[in-house]
Amino acid sequence: MIKLLIIPILGDALRYAIRLMRLEDIAQANEIDRECFPEWPPASYKREILFSKLSLYLVACERENKNPLADQAAEPKENQRTASRLGQFWHKLRLFFSSEESLSSATNQRIVGLSGLWIMSDDAHLTTIGIREPYRRQGIGELLLIAALELALTRNARVVTLEVRSSNLVAQRLYEKYGFSRMGLRRGYYTDNGEDAVIMSTDTLTSASFQSHLQRLKQAHAQRWGKADCQIGQYPRPQG
Ligand SMILES: CC(C)(COP(=O)(O)OP(=O)(O)OC[C@H]1O[C@@H](n2cnc3c(N)ncnc32)[C@H](O)[C@@H]1OP(=O)(O)O)[C@@H](O)C(=O)NCCC(=O)NCCS
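Because the structure is predicted, anything quoted here is derived from the model rather than measured.

Rules of the game
- Residues numbered from 1 in each chain as written.
- Predicted model: local features only at pLDDT ≥ 70, side-chain atom pairs only at ≥ 80, totals over all residues.
- Helix = DSSP H or I, 4+ residues; strand = E, 2+ residues; numbered from the N terminus.
- Buried ≥ 20, exposed ≤ 12 C-beta atoms within 10 Å, placed from the backbone.
- Contact = placed C-beta atoms within 7 Å.
- Expected span 1.5 Å × (residues − 1).
- Near = placed C-beta within 6 Å.
- Nonpolar A, V, L, I, M, F, W, Y, C, P; charged D, E, K, R; others polar.
- Core = buried A, V, L, I, M, F, W, Y, C linked by C-beta atoms within 7 Å.
- Axes fitted to C-alpha atoms, helices over the stretch in contact; angles between N-to-C directions.
- Left-handed = near helix turned anticlockwise from the far one by under 90°.
- Pairing = 2+ DSSP bridges.
- Arc of directions from axis to C-beta.
- pLDDT = per-residue confidence, 0-100.

Peer 1: Explanation requested: the overall build of the chain in the structure shown.
Peer 2: Regarding its fold elements, the chain presents nine helices and nine strands. A buried classification covers 30% of the 240 residues belonging to the chain. A separation of at least 24 residues holds for 77% of the contacts in the chain among residues at least 6 apart in sequence.

Encoded structure:
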């Protein structure tokens, strides 16, 4: 069974839910990346979902049209979990070499945004956050950020840090709203145009001040946009 942590947010139901990225989401995740970050090389989601113990990706998806096949594809079957290490490794390799099309046929759920975390000892680094253009300004970026902060807490991270383009004032607004402060600059960090990166960090996630700020923002989000379910737990990846 996948262990799920449900974060209830008060209010009417929101159309979107947050959950960990699955293999069958990768084709849509790549579409979102191309739309949000055309200058970046393609991410290696498949390798990271299957093999990386440090990276975690979340998606915001539409709640309706849930295809039971998606769960079947996502959850490791009992025999996969209990199989020998060699069997598990072989299973991962088979998934790694399957095409994006064959994986994505297991879902018809619309993915509208994603975020990513790298957990490095007590520092969780927000590596990405992006929303499909037509879905922006509907509180989904905020919801993904709330979920990423909660996820970092469940992984015992002390702080969440990130880099953001100095020209990306929209994203900086979002981060500042959630208590991120500017810690410094990385000069010429972005290789496509030599732009500086602003380094931002939260206060200690478990501090009373950070927690009360986060809880206030979660409630305000729920009142404004409706109740959302965030399902964050262990990756449904075969155990290695
Ligand atoms: C940054 C991004 C993720 C925000 O997602 P979103 O779903 O549109 O944001 P939300 O609707 O949840 O807005 C939350 C907060 O973000 C800030 N914000 C979002 N859009 C904004 C805009 N156009 N202008 C000013 N502030 C904005 C505000 O603080 C807003 O809170 P408010 O509604 O109380 O003013 C989205 O614009 C995006 O995908 N951009 C392209 C990719 C990107 O730049 N990612 C960041 C990389 S570091």
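Structure's up, so let's keep going.
Peer 1: Quick question: what am I supposed to make of helix H7 (residues 140-154) here?
Peer 2: Because each turn of an α-helix spans 3.6 residues, side chains separated by three or four positions end up pointing in the same direction. In this model H7 runs 21 Å from its N-terminal to its C-terminal C-alpha over 15 residues, within 8% of the 21 Å that 1.5 Å per residue would give. The buried count for H7 comes to 12 of 15 residues, which makes it a mostly enclosed element. Note on H7: the residue one or two positions beyond its end, asparagine 156, has a positive phi of about 65°.

Peer 1: Would you take a moment to explain the site of the ligand for this structure?
Peer 2: The immediate surroundings of the ligand are formed by 18 residues, with Arg136, Gly141, Glu142, Ala171 and Leu174 found nearest. For the shell around the ligand, the secondary-structure elements that each account for two or more residues are strand E5 (123-131), H7 and helix H8 (169-177). Counting residues per element, the shell around the ligand draws most heavily on H8, at five residues. The class makeup of the residues in the shell around the ligand is eight nonpolar, five polar and five charged.

Peer 1: What's the story with unusual backbone geometry in this structure? I'm lost.
Peer 2: Residues other than glycine predominantly adopt negative phi, and peptide bonds predominantly adopt the trans conformation. Here the phi dihedral of serine 121 falls at roughly 45°; this positive angle occurs in a residue that is not glycine. One can find serine 121 in the loop between strand E4 (111-120) and E5. Note on serine 121: 8 C-beta atoms within 10 Å, which makes it exposed. Phi at arginine 137 takes a positive value of approximately 65°, unusual for a residue other than glycine. In this structure, arginine 137 sits in the loop between E5 and H7.

Peer 1: Teacher, can you tell me more about the nonpolar core here?
Peer 2: By size, the foremost hydrophobic cluster in this structure holds 47 residues, and its most contacted members are Leu58, Leu144, Ala147 and Ala148. Ranked by residues supplied to this core, first place goes to H7 with 10 residues. Contacts of leucine 144, omitting those with residues within four sequence positions, involve Ile18, Leu58, Ala60, Gly113, Ser115 and Ile129.

Peer 1: Is there a simple way to think about the packing of H7 against helix H9 (residues 208-225) in this case?
Peer 2: The relative placement of two packed helices is expressed as an angle between their axes plus a distance between the axes. In the contact formed by H7 and H9, the axes pass within 11 Å of each other and the chain directions differ by 145°. With respect to the hand of their crossing, H7 and H9 are arranged in left-handed fashion. Within the contact between the two elements, H7 uses Glu142, Leu143, Ile146 and Leu149 and H9 uses Leu214, Lys218 and His221. Considered class by class, the residues forming the contact of H7 with H9 number four nonpolar, one polar and two charged.

Peer 1: Would you mind going over the pairing of E4 with me for this structure?
Peer 2: Side-chain direction in a regular strand flips from residue to residue, so the side chains alternate between the two faces of the sheet. Here E4 lies mainly inside the structure; seven of its 10 residues are buried. Of the pairings in the sheet, the one linking strand E3 (residues 55-62) to E4 comprises seven bridges and is antiparallel in character. Note that in E4 the partner of leucine 58 across the bridge is serine 115. For E4 and E5, the ladder comprises eight bridges, and the chain directions are antiparallel. From the neighbouring strand, glycine 116 faces E5, where its bridge partner is threonine 128. The hairpin turn running from E4 into E5, its antiparallel successor, is two residues long, and serine 121 in that turn takes a positive phi close to 45°.

Peer 1: Sorry if this is basic, but what is going on with H9 here?
Peer 2: Counted at 1.5 Å a residue, the expected span for H9 with its 18 residues is 26 Å, and the 25 Å between its end C-alpha atoms agrees. Restricting attention to buried positions, one finds in H9 the residues Lys218, His221 and Ala222. Summarising the axial view, the buried residues of H9 lie within an arc of 95°, below the 170-degree limit, and thus occupy one face. Opposite the buried face of H9, at more than 90 degrees from it, the exposed residues are Ala208, Ser209, Ser212, Arg216 and Arg224. Where H9 is buried, its residues meet H7. Once H9 ends, the next one or two residues include glycine 226, with phi positive near 105°.

Peer 1: Just checking my understanding: could you explain the confidence of the model for the chain for this structure?
Peer 2: Residues shown with low pLDDT carry predicted positions that ought not to be read at fine detail. Residues of the chain with pLDDT of at least 70 account for 80%, and the chain-wide mean is 85. Low pLDDT, under 50, characterises residues 1-11; the stretch is placed with 27 contacts to residues that sit more than four places away or in other chains. Segment residues 65-78 is flagged for pLDDT under 50; beyond a separation of four residues in sequence, or across chains, it makes 21 contacts in the model.

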